[in-house]
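Here is how the chains run, residue by residue.
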Amino acid sequence: MTATAETSAAGHGTSEIGKARLRKEDRHLITGRSRFTDNMVLPGMLHLAMVRSPFAHAKITSIDVSAAKASPGVMAVLTGADVAAEQGSLPNAWPITPDQKAPAHGAIAVEEVAFAGEVVAVIVARTPAAARDAVELVDVGYDELPVVMDLEEAFTDKVLAHTSLESNLSARWVFDSAEAGTGSSVQDAIDNAEVLIERTFYQQRLIPAFMEPRSTVVDPTGEQITMWTATQIPHILRLMLALTLGIPESKVRVIAPDVGGGFGGKLQVTPEEVITVLAARHTGKPCKYTETRSESLQAGHHGRAQVQRLKLSAKRDGTVTGLSVNLLADMGAYLGLVTSGIPILGAFMYNSIYKFPAYRFECNNIFTNKTWTDAYRGAGRPEATFAIERLMDELATDLDMDPLAVREKNWIRHEEFPFTTVAGLEYDTGNYEAATAKAVDLFDYQGMRAEQKRRRDANDPVQLGIGVSTFTEMCGLAPSRVLGSLSYGAGGWEHAQVRVLPTGNIEVVTGSSAHGQGHETAWSQLVADRLGVPFDNVEVLHGDTQISQRGLDTYGSRSLTVGGMAVLAAADKVIEKAKVVAAHLMEASEGDVEFSAGTFTVKGTDTSTTLGEIALATFAAHNLPDGFEPNLDSDATFDPANFSYPHGTHLAAIEVDTETGHVGILKYVCVDDVGVVVNPMLVEGQVHGGLAQGIAQALYEEAVHDDAGTLVTGSFVDYLVPGAPDLPHYITGRTETPATSNQLGAKGVGEAGTIASTPAIVNGILDAVRHLGVKDIKMPCTPSRVWHALEEAKTTGGVR
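Rules used throughout
- Residues numbered from 1 in each chain as written.
- Predicted model: local features only at pLDDT ≥ 70, side-chain atom pairs only at ≥ 80, totals over all residues.
- Heavy atoms only, no water.
- Helix = DSSP H or I, 4+ residues; strand = E, 2+ residues; numbered from the N terminus.
- Expected span 1.5 Å × (residues − 1).
- Buried < 20%, exposed > 50% of the residue type's maximum accessible area, 1.4 Å probe, protein only.
- Pairing = 2+ DSSP bridges.
- Axes fitted to C-alpha atoms, helices over the stretch in contact; angles between N-to-C directions.
- Contact = heavy atoms within 4.5 Å.
- Left-handed = near helix turned anticlockwise from the far one by under 90°.
- Nonpolar A, V, L, I, M, F, W, Y, C, P; charged D, E, K, R; others polar.
- Core = buried A, V, L, I, M, F, W, Y, C linked by side-chain atoms within 4.5 Å.
- Salt bridge = Lys/Arg side-chain N within 4 Å of Asp/Glu carboxyl O.
- Phe/Tyr/Trp six-rings, centres within 6.5 Å; stacked < 30°, edge-to-face > 60°.

1. Description of helix α13 (residues 381-399)
Next, step 1: The terminal C-alpha atoms of α13 lie 27 Å apart, and with 19 residues this matches the ideal 27 Å at 1.5 Å per residue to within 8%.
Next, step 2: Of all 19 residues in α13, 17 are buried, a share of seventy percent or more.
Next, step 3: Where α13 ends, the next residue or the one after it, Asp 400, has phi of about 55°, a positive value.

So, in structure tokens, the structure goes:
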């Protein structure tokens, strides 16, 4: 993957901020000293295997576990009936409306299953092999029930996903700019439109295919129940386990060791985690469960899965006047931790970077007989960006305008910031003109358009399309008051502690729990820069609720903009505490003491002392100011008043072979504005990974079920995750407009590539073949779908 000179040249100054530091975390990962959950072996540990329903909807009529219990090595078999009184219901922390409907979701089904793969019994055995063998010996009787798999069919309520519910509608949520006072009437805009674009787009169901399958180990034998688990959310999980199972929170310790990727798929309180606790309590022994890849694809939560019905009104000159969004969102069979709120995160982003005078969003959350959906990289915002960027291309096509010109006509100009959008958010900073200009230059936009014309004129079988996507996102999910106004069940603050050791070395304790982002490196750079200590003298501790007692974990591009700001605030408190000691030791007034690069100096003199000297003096406590507690350690909690709003422009040159339907990416350029950058190498890594997942949605990935509810893409043979040979070299660049929501000026980056790349690819494909009569192609745009669209266009004059 390539990068611009801007990235490779970064970080040659004395400041740590901006240095392209190699990751501290990689030392143990690449030398075989990593500790993933499945590596753990505890004395007397037992192993679990799950008996899962083969049916998507059925009544459980009987369960015979006698043969399984008699199987060699089996210590126990648990059914839903065995744990019904204690397992509770898995939590949903985001009831988006007061009348939201949700069926009870026990970790082990008791009477009814609602998706294929739901757990109906658990084997506890001495070895993994013995547990797996005994699964085949459990005899479960089922009375099959009708299934509803199609989202639009589910909306009609002809078939119900749960016998306990009277409708498949979980909740309806509406935002109307006219009612909210943030804009005018959408219906008036549509009625008076000179141009009206109406489209329906389908967001296919995706699977967060992280490298490390989910794994959990629970030890019940100490004073606490200790859980090691591959999770993004150790602090939230600890709280939810306590609430769900009725255990005092102080008696639960959750540790997230090395975690091999999450992408939102480990932002969950999983049935398997609850089951492992139940099994450990029942047997009194440590228990481990590690899912197979097929179980991960089948029964872990999925993402996206929406039908978007859209109307965009505009003037003939290209000025947009209104946007209407009617959304059907597939919840699957149950509501996970934040399932119901995912579409709402997108509600505020459909207007994107554009100045819409009127906007209406309606979301209907619908149950189907599939595994539940929840957070997947971007969480609602990629879906919104896809919709609006596809619509802007459709508007440009209708008006015979360049797609960049249509966007420029409607975007918020840099001098208009801060800008309150039609959705009610205040964008603090941005410069869409600068990012787009840089992307156009790196891409050679006019040169690519000339090559496109040459191929069209020559009737080349390999046509060229130019895909355009601009984006912004609300990230740094945090403002607690905003989350409260949306009925979210928690805040969004983050906590950190900076400890100064007697040697002058630093320990940073962070509530942000990393699963590949590089927190140990970035936090070390922040603290080394602020306190003037060597980078290697900073140790970062995280992922253990007994070490990091307070935190709200990692998701929504919040690590740096919320967690990192808590670290900086704690470091600032260390400086203020140390300044008191420094003034005392140097016999000066605190107001006369200055701090820079790890040294305290009396103004106008050469009298000075270092932070390390103060640390040792504080530890010894021989000569401290009266009443001063002998430590410099400091805590801080940061809760920003606003989100951060990264943005960017992505351009893709797409080749489409009109004879085979094959799609290739000739060139990909992205210019992102993520505010102030701490480590450009980490930013590049996040952008590259995000691009891979966004491109994968456009071209490769889709979770497919048959009519009976069986997942037919239940392995990597059928669920196509792209590898390096399937992806292009990226040309990346950055512009910088610092955020005002935090002291560093940073914006989130973890989801940017995923949000912007999917519409860039699809717009490019359609730009390559639209002149041949193709109007739309459902994602993923496989060679088969592209070829069939081209063939249908030959006979019908275009497909919709």
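That shown, we press on.
2. Some points on the sheet that holds strand β27 (residues 663-673)
Hydrogen bonds between backbone groups are what pair the strands of a sheet, and the pairing can be parallel or antiparallel.
Next, step 1: Spatial ordering of the open sheet is given by β18-β26-β27-β28, a layout of 4 strands whose pairing is mixed. Of all strands in the sheet, those bounded by a partner on one side alone are β18 (462-472) and β28 (730-735). Within this sheet the neighbouring strands show an average axis-to-axis angle of 15°, counted without direction.
Next, step 2: Where β18 meets strand β26 (residues 647-657), 11 bridges bridge the pair, whose relative direction is antiparallel. Bridge pairing in β26 places Phe 471 opposite Gly 648.
Next, step 3: Strand contacts of helix α15 (residues 432-443): β18, β26, β27 and β28, with the helix running at about 30° to β26, the strand carrying the most contacts.
Next, step 4: Its contacts with the sheet put helix α16 (residues 445-457) on β18, β26 and β27, and the angle it makes with β18 is roughly 145°.

3. A few points about the packing of helix α18 (residues 519-531) against helix α19 (residues 559-585)
Next, step 1: Two numbers describe how α18 lies on α19: the axes approach to 10 Å, and their chain directions differ by 35°. Viewed along their axes, α18 and α19 form a crossing whose handedness is right-handed. For the pair formed by α18 and α19, the contact residues are His 519, Trp 523, Leu 526, Val 527, Arg 530 and Leu 531 on the first element and Ser 559, Leu 560, Gly 563, Gly 564, Val 567, Leu 568, Ala 571, Asp 572, Val 574 and Ile 575 on the second.
Next, step 2: Here the contact of α18 with α19 is composed, by residue class, of 10 nonpolar, 4 polar and 2 charged.

4. A word on the sheet that holds strand β23 (residues 599-602)
Next, step 1: One open sheet accounts for 3 strands, arranged β22-β23-β24; its pairing is antiparallel. Across the chains shown, the open sheet's two edge strands, defined by having one partner strand only, are β22 (593-596) and β24 (608-610). Strand-to-strand twist in this sheet, taken as the mean axis angle between neighbours without regard to direction, amounts to 25°.
Next, step 2: Note: β23 against β24, 3 bridges, orientation antiparallel. Bridging from a neighbouring strand, Thr 599 pairs with Thr 610 of β24.
Next, step 3: The strands touched by helix α20 (residues 611-620) are β23 and β24; relative to β24, the strand with the most contacts, the crossing angle is about 75°.

5. Quick look at the nonpolar core
The nonpolar side chains of soluble globular proteins are, as a tendency, buried together.
Next, step 1: Ranked by internal contacts, the top residues of the largest apolar core, which has 143 residues, are Leu 312, Tyr 350, Phe 361, Leu 699 and Ile 761.
Next, step 2: The element best represented in this core is α13, accounting for 9 residues.
Next, step 3: Setting aside residues no more than four positions away along its own chain, Leu 699 makes contact with Val 663, Ile 665, Ile 761, Ile 765, Pro 780, Cys 781 and Thr 782.
Next, step 4: Counting 46 residues, the second-largest nonpolar core is a separate cluster that includes Ala 478, Val 538, Val 562 and Leu 632.

6. As for the side chain of Glu 389
Next, step 1: In this fold, Glu 389 is placed in helix α13.
Next, step 2: If sequence neighbours within four positions are ignored, Glu 389 has contacts with Tyr 354, Arg 407, Val 468, Ser 469, Thr 470, Pro 759 and Asn 763.

7. Digging into the pairing of strand β19 (residues 494-500)
Next, step 1: With 6 of 7 residues buried, β19 is to be regarded as a mostly interior element.
Next, step 2: Pairing geometry for β19 and strand β25 (residues 634-638), over 5 bridges, is antiparallel. Counted as the bridge partner of Gln 497 is Asp 635 from β25.
Next, step 3: Pairing geometry for β19 and strand β20 (residues 506-510), over 5 bridges, is antiparallel. The residue of β20 that forms the bridge with Gln 497 is Val 509.
Next, step 4: Counting the residues between successive antiparallel strands, the hairpin from β19 to β20 contains 5 residues, one of them, Gly 504, with a positive phi of roughly 90°.

8. Some points on the pattern of salt bridges
Next, step 1: Enumeration over the complete set of coordinates arrives at 46 salt bridges.
Next, step 2: For Lys 453, the salt bridge is made with Asp 457, and the minimal N-O distance between the two is 2.8 Å. Residue Lys 453 and its partner Asp 457 are located together in helix α16, separated by 4 residues, close to a single helical turn. One exposure class covers both Lys 453 and Asp 457, and it is exposed.
Next, step 3: Salt bridges here are not isolated pairs; linked through shared partners, they connect Arg 52, Arg 214, Glu 272, Glu 291 and Glu 295.

9. A look at unusual backbone geometry
Next, step 1: Of note, the bond from Phe 417 into Pro 418 is cis; its omega dihedral lies within 30 degrees of zero at -5°.
Next, step 2: In this fold, Pro 418 is placed in the loop between α14 (403-410) and β16 (419-420).
Next, step 3: Here the bond from Met 779 into Pro 780 is cis, since omega is -5°, no more than 30 degrees from zero.
Next, step 4: Relative to the assigned elements, Pro 780 resides in the loop between α22 (752-769) and α23 (783-796).
Next, step 5: A positive phi angle, close to 55°, is found at Asn 459, a residue other than glycine.
Next, step 6: In this structure Asn 459 comes out as exposed when scored by relative accessible area, which is 62%.
Next, step 7: Non-glycine residue Ser 557 carries a positive phi angle of around 50°.

10. Focus on the packing of aromatic side chains
Next, step 1: A full pass over the atoms with the stated rule returns 15 aromatic pairs.
Next, step 2: A ring pair is formed by Phe 115 and Trp 372, whose centres lie 6.0 Å apart and whose planes are at 80°; its orientation type is edge-to-face. Of the two residues, Phe 115 sits in the loop between β4 (112-113) and β5 (119-125) while Trp 372 sits in the loop between β15 (359-367) and α13, which places them 257 residues apart along the sequence.
Next, step 3: Take Trp 372: its relative accessible area is 2%, and that puts it in the buried class.
Next, step 4: Seen in terms of ring centroids, Phe 417 and Tyr 432 are 5.6 Å apart; in terms of plane orientation they differ by 75°. Their pairing is edge-to-face. One end of the pair, Phe 417, is in the loop between α14 and β16; the other, Tyr 432, is in helix α15, and 15 residues separate them in sequence.
Next, step 5: On the accessibility criterion, Phe 417 (14% relative accessible area) is buried.

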